[in-house]
Amino acid sequence: MKQGMHSLDHISWERLEREGSVTYPCPAEDAPGADVVFSDAFPRAGGRAKFSPTRPLPPDEPVDADYPTVLTTGRLLEHWHTGAMTRRSRVLDDLEPEAAASLAPSELGRLGVAPGESITIATRRGTITLVARSDPRMPEGMVFVPFAFVEAAANLLTNPALDPFGKIPEFKYAACRLSPAAS
């Protein structure tokens, strides 16, 4: 990452191990990191940001007969990022102690699964089994899995394909297959 992001200059593995964490950008080996990433200017000639228009692209892995459902991952109100901090909060972890797969009520009906029962989510990269949660706000044909739970490693299922322009992994869309969990 340092080869493409000069804002990570002056942050080494040794320093991270010694200090525990260092924010970026960091102006020198012995300086603390900045509180704001881009305070006065962007790291470009002239200091101005460059916006580039883009057109939405189709997903790298469309749904098909074998994997007819869309898997999307994301944060929960109670747990964000990897849960490294929020999972240590007893109050937050008591509210959401485990990962659950959220589906539209009609999807649960199609599967013959009641809320609270387990489902298996399979992609071309792996499978996980989670408790099913009914969520009327979820669209049909989609399942949501939070990624803040190491014991339910949702990102093992996601598609690592990169956007050709932004080079961002396609973690928000993967074709999957749902089934009631084996008893």
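Here goes a summary of the coordinates provided. (Residues numbered from 1 in each chain as written. Predicted model: local features only at pLDDT ≥ 70, side-chain atom pairs only at ≥ 80, totals over all residues. Heavy atoms only, no water.)

Here we look at the environment of T123
Where we set the bar: Numbering of helices and strands runs from the N terminus; a helix is a DSSP stretch of H or I covering at least four residues, while a strand is a stretch of E covering at least two. In this analysis, two residues are considered to be in contact whenever any of their non-hydrogen atoms come within 4.5 Å of each other.
Its location among the elements puts T123 in strand β3 (residues 118–123). Taking C-alpha positions, T123 is 9.2 Å from L178, a pair spaced 55 residues apart along the chain. Leaving out residues up to four positions away in the same chain, T123 has contacts with Y67, L71, L157, A175 and C176.

Brief notes about the nonpolar core
Under the convention used in this document: The definition of a nonpolar core used throughout is a set of buried Ala, Val, Leu, Ile, Met, Phe, Trp, Tyr and Cys residues joined through side-chain atoms within 4.5 Å. Three labels apply to residues, based on accessible area from a 1.4 Å probe with only protein chains included: buried if under 20% of the type maximum, exposed if over 50%, partly exposed otherwise in between.
By size, the foremost hydrophobic cluster in this structure holds 26 residues, and its most contacted members are L103, I119, I121, V143 and V145. Discounting chain neighbours no more than four positions away, the residues touching I119 are A101, L103, L111, V113, I128, T129, L130, A132, L178, S179, P180 and A181.

Some remarks on the side chain of R15
Put simply, the rule reads: Throughout this description, a polar contact denotes any pair of N or O atoms lying within 3.5 Å of each other; where both atoms belong to protein, one of them has to be capable of donating a hydrogen while the other can accept it, and for residues adjacent in sequence the pair is counted only when both atoms sit in side chains.
Looking at where R15 falls in the secondary structure, it is placed in helix α1 (residues 13–19). A polar contact of 2.6 Å, which involves the side chain of R15, links it to the backbone oxygen of A31. Setting aside its immediate chain neighbours within four residues, R15 contacts H10, G20, V22, C26, A28, E29, A31 and P32.

Section: the pairing of strand β5 (residues 142–146)
The line we're drawing: Pairing between strands is defined by DSSP: at least two bridges between the two strands are required.
Here β5 lies mainly inside the structure; four of its five residues are buried. Sheet analysis places strand β1 (residues 69–74) next to β5, joined by five bridges and oriented parallel. Opposite V70, over in β5, you have M142 as the bridge partner. The pairing of strand β2 (residues 100–103) with β5 spans two bridges and is classified as antiparallel.

A short note on unusual backbone geometry
Of the consecutive residues Y24 and P25, the connecting peptide bond is found in the cis state with omega at 0°. Note that P25 resides in the loop between α1 and β1. Phi is positive for H10, which is not a glycine, with a value near 75°. Its location among the elements puts H10 in the segment before α1. We classify H10 as partly exposed; its relative accessible area is 28%.

A closer look at the sheet that holds strand β6 (residues 174–180)
Heads up, the condition is: Orientation is described by axes fitted as lines to C-alpha atoms, over the contacting stretch for helices, and by angles from 0 to 180 degrees between their N-to-C directions.
One closed barrel holds the six strands; their spatial order is β1-β5-β2-β4-β3-β6, and the pairing between them is mixed. In this sheet, adjacent strand axes meet at a mean angle of 45° when their direction is disregarded.

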